[in-house]
Amino acid sequence: MALLEVRSIGKSFRGLRAVHDVSFELADGAIAAMIGPNGAGKTTCFNLIAGVFAPDTGAVALGGRRITGLRPHEICRAGVGRTFQVVKPFPQMTVLDNVVVGALNAAARVGDAEREAWRVLELLHLDAKSQTLAASLTLPERKRLEVARAMATRPRLLLLDEVMAGLRPTEVDEMVAVFRRINHETGLTILLIEHVMRAVMALAAHVVVLHHGEKICEGAPAQVVRDPAVLECYLGEEAV
Amino acid sequence: MPIDLVANVVVAGLLAGLVYGLAALGLSVIFGVVRVVNFAHGEMMTAAMYLAVVLVGLTGIDPLVAALPVGGVLFLFGYALQRGLINAFVTRPEHTQFILLVAVAIILVNVQLMVFGPNARNVQVDYALDSFEIGPLIIDKVRVYAAAAAVLAAGALFAFFRRTLVGKSIRACADNYLGAQVVGLNVKRLYALTFGLGAACVGAAGCMMLLLVDVTPVQGPAYTLLAFIIVIVGGMGSLTGALAAGVVIGMSEALAGLLIAPSAKSMVTFAILILVLLFRPQGLLGRAG
Amino acid sequence: MRALVAGLPARARAVLALVAVLLLGAPFAVDAYVLSVLILCLYFAYTGQAWNIMMGFAGQLSLGHSLYVGIGAYAAAALFVHFDVNPWLGALAAIVLCTLAGLVIGFLAFRFGIAGVYFAILTIAFAEFTRIGFDHWNWLGASGGLFLPVKERGVTDLATLRGPPVMFYYAILALTVGALALSRLLLASRLGYYWRAIREDEEAAQALGIDTFRYKMVAVGLSAAMTSLAGVFFAFYYNNLFPEQIFSMGRSIEIILGPIIGGLGTLAGPIVGAFVLTPLADGITELMQLLGIETPGVKQVFYGVCLLVVIVFLPNGIWPAIARRLGFAPR
């Protein structure tokens, strides 16, 4: 059964069409990737799903429940966790406290949230940094903190916006292993925006390709990378 | 209420409003470029008014002529203040900037109090009681001259930003801090220049204001608030907006003084501010978003 | 009391115990003048803590907190003067009125997406607007002032809050300690985490499931309610109220100097700040008298310079710097 259903959503900013008539579905427990050149509308798509803006047209449903038009915190409560492409840590709070904030979404008490936060920190190898202020983390660490915080909210669907960007290949492999493990153990559904194809090919069973705000192709990764339309949008017409 | 009286009051308010507008223009320029709210703006204005009192007393020149040297002195003061003190705070949180400028304001008010005492000072001009008569309108000469000078100064500022290379560089700085640095602009210097210009504006406005009112040290905070209100009503960073809002506030003050009570003037002003903040937070002439 | 010390290291407990003994015993050891200064210190420690909840914890800059002091003071005083209502009930009315005022301002601002400097100016505008309104409200004495009847000296009547300064000293001390305990509890609670998240990054907070509008409203309402009690205290301690004084922007600035100079967002900061700034202002007055300088303004210039020095050299405040040196966590 589909956990996430996106039905022909569209959004324009001051007459500029950022996303137009995009539809796709995500099966419960799947890992899927959304790829496309810069400015293709991937992050806007995420923002439409996460409720940062309401779509001009179309609808989004999570587990059969319509979440279009809900505010971001309500969508998080409904079970969507997200990271931001430009990371947004709480700089003057410790790493632990950052994650506790996320964990409070599902925890009944602060003590429970702290335990959950420790668990997630260990999972993402941030436990050694728990008492550091988020402001003094390196960028790869901040990306992991961003993931830890979103994961601590105990989402059913995790939206990851370029969390591998700027990581070294070994770090990418580590992250891939973490996501695989979580997906395998808890059945967490993951949708990632990613330029690092190494991660996409290793993780995603399904890929959605956006270009100029429209979906131009979707399918298995191996199949998508051979699609002429995809090659064209990445490499220009001459390459085909 | 005779319509002539209302018309006279409205015109008087409009003319005073142009002077308010020039003072607010200074605040707007500083905020638009340096992104620091000058909480000592009104105190700088009264400082300029005292300078003008002294200068006019010593040389006997017209306060409007004194606006040039006084504006110059305020420019240097603003330049030095930004360069020496505020620049280090540009990237710090708003509340620290606020305390810094509150401290500057406290010092300014009380230095004025030390030097000039608490009593009101003013200047005498020989056309103080003259007026122009246009049909039923009787308009004080001082108001007309002060407003004309304010429009002239504002025009000069607009021309500076549109025509000169330095002016254009400052606008580039305001639009894109990083970009300005990348193309090799000396942002520190441009910020100091901008603060100087903002200070010069309020300095000149102070001289014009001196034709209309007396000066006391304790007026400073009230002028600061007035300048804020005008800038917000007009739209932060919008220069024409500041002038237009100055006129709106000037007229509403005058009308409130006539129709309600002189002491209720600023109540109407604050009511306008609250309404604008709630229903058009970008200001009357500001851009949305 | 237990909430106040739970989880603190032994050294911090010892310091706290010493401070507690000093504060409790102070009225027996000092003269009337020092007592009045201490009362003022505690008054600003209390209002500073109330303001700190809104700005230090939740990140919402209010420059109009004199509004809540004023409404609280006038509410309790008017009920007492006109209807003989006892101040404890008056305090209840003050809390209700100020919470409402705070919530109205918060609702208008947060619903319309007003934040940062704009929010700060809106709070000034409401305070000034109210000040001018009270200036013309004859039932409350208008600009001529509202005066509370003063009973003969030496009688302590807790029910109507009539009594010697010592009574007011313990009253404001209790308020300050209560505010500290409340702040500590809140900071460690769900609310505290949410507030700090909102302060640091509102969008990220929303993405983590926090209804930021709601929790900002809670912060404003609570801060206003706490500040209202300072107003009630002010009315019954000074026995006279003038809109010009109590609602002025200068008063609001006085309230926020302590927490910022002491250490914004920390528990001890507002208290440390108040106990540094208030004696500083008074000390300067004394010094000027000693030097025979009577020119008006000298004192304030010196005060302004001190403020400037602290903000330039200790932008995070005095307490975090001290705490680090003493090996405490800068809370």
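Quick summary incoming for the structure in this document. (Residues numbered from 1 in each chain as written. Chains lettered and ligands numbered in written order. Predicted model: local features only at pLDDT ≥ 70, side-chain atom pairs only at ≥ 80, totals over all residues. Heavy atoms only, no water.)

**Notes on unusual backbone geometry**
Stage number 1. With a phi angle near 45 degrees, A:R14 is a residue other than glycine that sits in the positive phi range.
Stage number 2. Looking at where A:R14 falls in the secondary structure, it is placed in the loop between β1 (2–13) and β2 (16–27).
Stage number 3. On the accessibility criterion, A:R14 (79% relative accessible area) is exposed.
Stage number 4. In the Ramachandran plot, B:R35 falls in the positive-phi region, its phi being about 60 degrees despite a non-glycine side chain. (Helix = DSSP H or I, 4+ residues; strand = E, 2+ residues; numbered from the N terminus. Buried < 20%, exposed > 50% of the residue type's maximum accessible area, 1.4 Å probe, protein only.)

**Concerning the packing of helix α4 (residues 110–123) of chain A against helix α5 (residues 139–152) of chain A**
All names here are of chain A.
Stage number 1. At a closest axis distance of 9 Å, the pairing of α4 and α5 adopts a crossing angle of 140 degrees. The orientation of α4 relative to α5 falls into the category oblique. Crossing of α4 against α5: the hand is right-handed. Together, E116, V120 and L123 of α4 and A148, M151 and A152 of α5 make up the contact between the two elements.
Stage number 2. Split by residue class, the contact of α4 with α5 holds five nonpolar, no polar and one charged. (Axes fitted to C-alpha atoms, helices over the stretch in contact; angles between N-to-C directions. Parallel < 35°, antiparallel > 145°, perpendicular 65-115°, else oblique. Left-handed = near helix turned anticlockwise from the far one by under 90°. Contact = heavy atoms within 4.5 Å. Nonpolar A, V, L, I, M, F, W, Y, C, P; charged D, E, K, R; others polar.)

**Some remarks on the packing of helix α5 (residues 141–163) of chain B against helix α8 (residues 187–209) of chain B**
Residues and elements named next belong to chain B.
Stage number 1. One way to put it is that α5 packs onto α8 with a least axis distance of 9 Å and a crossing angle of 165 degrees. Comparing their axes, α8 and α5 come out roughly antiparallel. Relative to α8, the crossing made by α5 is right-handed. Seen from α5, the contacting residues are A146, A149, A150, A153, L157, F160 and F161; seen from α8, they are L197, C201 and M208.
Stage number 2. Residues belonging to the contact of α5 with α8 are distributed by class as follows: ten nonpolar, no polar and no charged.

**Regarding a positive patch on the surface**
Residues and elements named next belong to chain B.
Stage number 1. A cluster of like positive charges, contributed by R162, R163, K168 and R171, occupies part of the molecular surface.
Stage number 2. Sorting the residues of the positive patch by element identifies α5 and α6 (165–175) as the ones contributing at least two each.
Stage number 3. When you line up the elements, R163 lands in helix α5.
Stage number 4. We classify R163 as exposed; its relative accessible area is 69%. (Patch = residues over 30% accessible without salt bridge, like charges linked within 9 Å, V, L, I, M, F, W, Y side chains within 5 Å. Areas by Shrake-Rupley, 256 points an atom, 1.4 Å probe, with all protein chains shown as cover. Salt bridge = Lys/Arg side-chain N within 4 Å of Asp/Glu carboxyl O. Lys, Arg positive; Asp, Glu negative; His and termini not counted. Charge placed at Lys NZ, Arg CZ, Asp CG, Glu CD.)

**A few points about the sheet that holds strand β10 (residues 214–219) of chain A**
Residues and elements named next belong to chain A.
Stage number 1. Judged by pairing direction, the sheet is mixed, and its six strands sit side by side in the order β6-β7-β8-β3-β9-β10 without closing on themselves. Two strands bound the open sheet, and with one partner strand each, they are β6 (80–82) and β10. Sheet twist, expressed as the average angle between the axes of neighbouring strands with direction ignored, equals 20 degrees.
Stage number 2. Of the strand pairs in this sheet, strand β3 (residues 31–35) and strand β9 (residues 206–211) are connected by four bridges, and their pairing is parallel. From the neighbouring strand, A32 faces β9, where its bridge partner is H206. (Pairing = 2+ DSSP bridges.)

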